[in-house]
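Listed below are the residues making up each chain.
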Amino acid sequence: MKSDRSLARSVAFPRVINVHDFRRLAKKRLPAVVFAYIDGGAEDEVTLRENVAAFGDITFRPRQCVAVRSCDLRTTVLGETFELPFLLAPVGFCRMFYPKGELHAARAANEAGTGYILSTFSGTRLEEVRAATSGPLWFQLYVPGGRDVAEATMARAKAAGYTVLVVTIDTPMSGMRERDFRHGVRPILQKDLWGSLPYAWQFVTRPRWVLDYCADGRPSVFPNVELPGKGAMPCGDVGMILESTIVTWDDFRWMRDAWKGPIVVKGVHTGDDAKRAIDAGTQGLVCSNHGGRQLDGVPATLRALPEVLDAVNGRIEVLMDGGIRRGGDVVKAIALGAKAVLVGRAYAWALGAAGGPGVARAIDILRTDIVRTLRLLGCPSIRDLDRSYISTDSRHYPR
Ligand SMILES: Cc1cc2nc3c(=O)[nH]c(=O)nc-3n(C[C@H](O)[C@H](O)[C@H](O)COP(=O)(O)O)c2cc1C
């Protein structure tokens, strides 16, 4: 049975049947450069495509004649219980997709009983996001500007009540996302008026977005990164600043001292790095290739996951992300051994298309998919999933 709220949401979006429909709507509402930022991947986008395709190579092994009338989707990650087995991944500068985008995404996640991970490169102050909801919030850390800047941000996140620090390690420099460049990201971010002129058409044709962006104060800085003597970090400086402050395993020492709480490392996709994450004293890891946005040519995370799980051998909690577009994908990742998953584009498209109600509807869609998949599998609870419910035999769907 659908709750009244989720029924109202499906009525509000009559043409949205799955999250791909939000992708289509986001493309209609957003200027091409903003849509490309959400949608694109690095270089030839091989990893981006493989992240999605890999789910097609896993097939289900249902148990028939099992009466499953309701399903329990609750899961506990690092001591926090969530109503859903997926959290919303850190996505930088959501405020460009929708006014105060981070607030809306966090609220939608928390209303659904799950967690939201705020990016360092959020367009909204972390305190403001915290004040917008009482649900679970984690903070994703980059170290632009170095250790002192990061420690100041971590202290703010801790004081505000963020519970888990998620340290992203796959970004020693920005990946080459060619679609961004084709749509003029460089002159636009650098506020080069002449250079931006050839790309102006994409804004002229999206007046609603332009009005929203202006009404939101035309945000162009990251207010959670205070650079000494400069103030909030300008968005245009991301590439240069990331390259000047690379995270190494040694940094986890000072991070542990400064944070004094659970730390999850995001961006692991080999067994060796999984072991290093354990040695670095982290409590969890996310098997992730940044949604195919960094090093093109790494395997789909779903394919990297078994090696990572074997190396971890139950010592810390393993999450995964990359390519999740349906609830069935969530079920496959958890059956393979992930504790929970993160979704990125599946909610970013919805935010870009329709703000908070869009994110809430995207979450509903994934939730309903998961319940349907479990019932058709004959599995009453997400916690009962194991490898016996899936097959990785490539003969089932030869590609
Ligand atoms: C537009 C966009 C911005 C992102 N920004 C960040 C970020 O600031 N920090 C981070 O750790 N990961 C970031 N990611 C990666 C996501 O956290 C996540 O790993 C990825 O989106 C998962 O793949 P999926 O989009 O296929 O679900 C970003 C992803 C997208 C699509």
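Novice: Residues and numbers for the overall build of the chain, please.
Specialist: Within the chain one finds 18 helices and 14 strands. Computed over its C-alpha atoms, the radius of gyration of the chain comes to 20 Å, within 12% of the 21 Å expected for a compact globule of 399 residues. Oriented by its inertia axes, the alpha-carbon framework of the chain measures out at about 65 × 50 × 45 Å. Within the chain, counting contacts between residues at least 6 apart in sequence, those at least 24 apart form 73% of the total. For the chain, the computed accessible surface area is about 17300 Å², with 54% contributed by carbon and sulfur atoms. Taken as two groups, the 53 positive and 43 negative side-chain charges of the chain have centres that lie 6 Å from each other.

Novice: Kindly report on the site of the ligand, identifying the contributing residues and their values.
Specialist: The full set close to the ligand counts 21 residues, and Pro90, Ser119, Thr168, Asp321 and Gly323 are the nearest of them. Separating a nitrogen atom of the ligand from a side-chain N or O atom of Gln140 is a distance of 3.3 Å. Protein coverage of the free-state accessible area of the ligand, which is 600 Å², stands at 98%. A breakdown of the residues in the shell around the ligand according to their chemical character gives six nonpolar, ten polar and five charged.

Novice: Summarise the packing of aromatic side chains; cite the residues concerned and give the values.
Specialist: Scanning the model with the defined rule gives eleven aromatic pairs in all. A centroid spacing of 5.5 Å and a plane angle of 85° characterise the contact between Phe93 and Phe222, whose relative ring orientation is edge-to-face. Here the residue Phe93 occupies a position in the loop between β4 (86-88) and α5 (101-111), and Phe222 occupies one in strand β8 (residues 221-227), the gap between them amounting to 129 residues. Phe222 carries the same exposure label as Phe93, and that label is buried. Sitting over the ring of Trp259, Lys158 keeps its end group 4.6 Å from the ring centre. The aromatic ring of Phe60 is capped on one face by Lys332, whose charged end is 5.1 Å from the ring centroid.

Novice: Before we move on, can you summarise unusual backbone geometry with the specific residues and values?
Specialist: Leave glycine aside and you will find that most residues have negative phi; peptide bonds, for their part, are mostly trans. Even without being a glycine, Glu43 presents a positive backbone phi close to 45°. With respect to the helices and strands, Glu43 occurs in the loop between α3 (32-39) and α4 (46-56).

Novice: Mind laying out the environment of Ala338, listing which residues take part and the relevant values?
Specialist: The residue Ala338 is located in the loop between α17 (327-336) and β13 (340-343) in this model. Residues Ala338 and Val238 lie 100 residues apart in sequence; the distance between their C-alpha atoms is 31 Å. Setting aside residues no more than four positions away along its own chain, Ala338 makes contact with Leu305, Leu309, Val318, Met320 and Ala333.

Cut-off values and rules
- Residues numbered from 1 in each chain as written.
- Predicted model: local features only at pLDDT ≥ 70, side-chain atom pairs only at ≥ 80, totals over all residues.
- Heavy atoms only, no water.
- Helix = DSSP H or I, 4+ residues; strand = E, 2+ residues; numbered from the N terminus.
- Rg over C-alpha atoms; globule rule 2.2 N^0.38 Å.
- Contact = heavy atoms within 4.5 Å.
- Areas by Shrake-Rupley, 256 points an atom, 1.4 Å probe, with all protein chains shown as cover.
- Lys, Arg positive; Asp, Glu negative; His and termini not counted.
- Charge placed at Lys NZ, Arg CZ, Asp CG, Glu CD.
- Near = heavy atom within 4 Å.
- Polar contact = N/O pair within 3.5 Å; in protein donor to acceptor, adjacent residues only side chain to side chain.
- Nonpolar A, V, L, I, M, F, W, Y, C, P; charged D, E, K, R; others polar.
- Phe/Tyr/Trp six-rings, centres within 6.5 Å; stacked < 30°, edge-to-face > 60°.
- Buried < 20%, exposed > 50% of the residue type's maximum accessible area, 1.4 Å probe, protein only.
- Lys NZ or Arg CZ within 6 Å of the ring centre and 35° of its normal.

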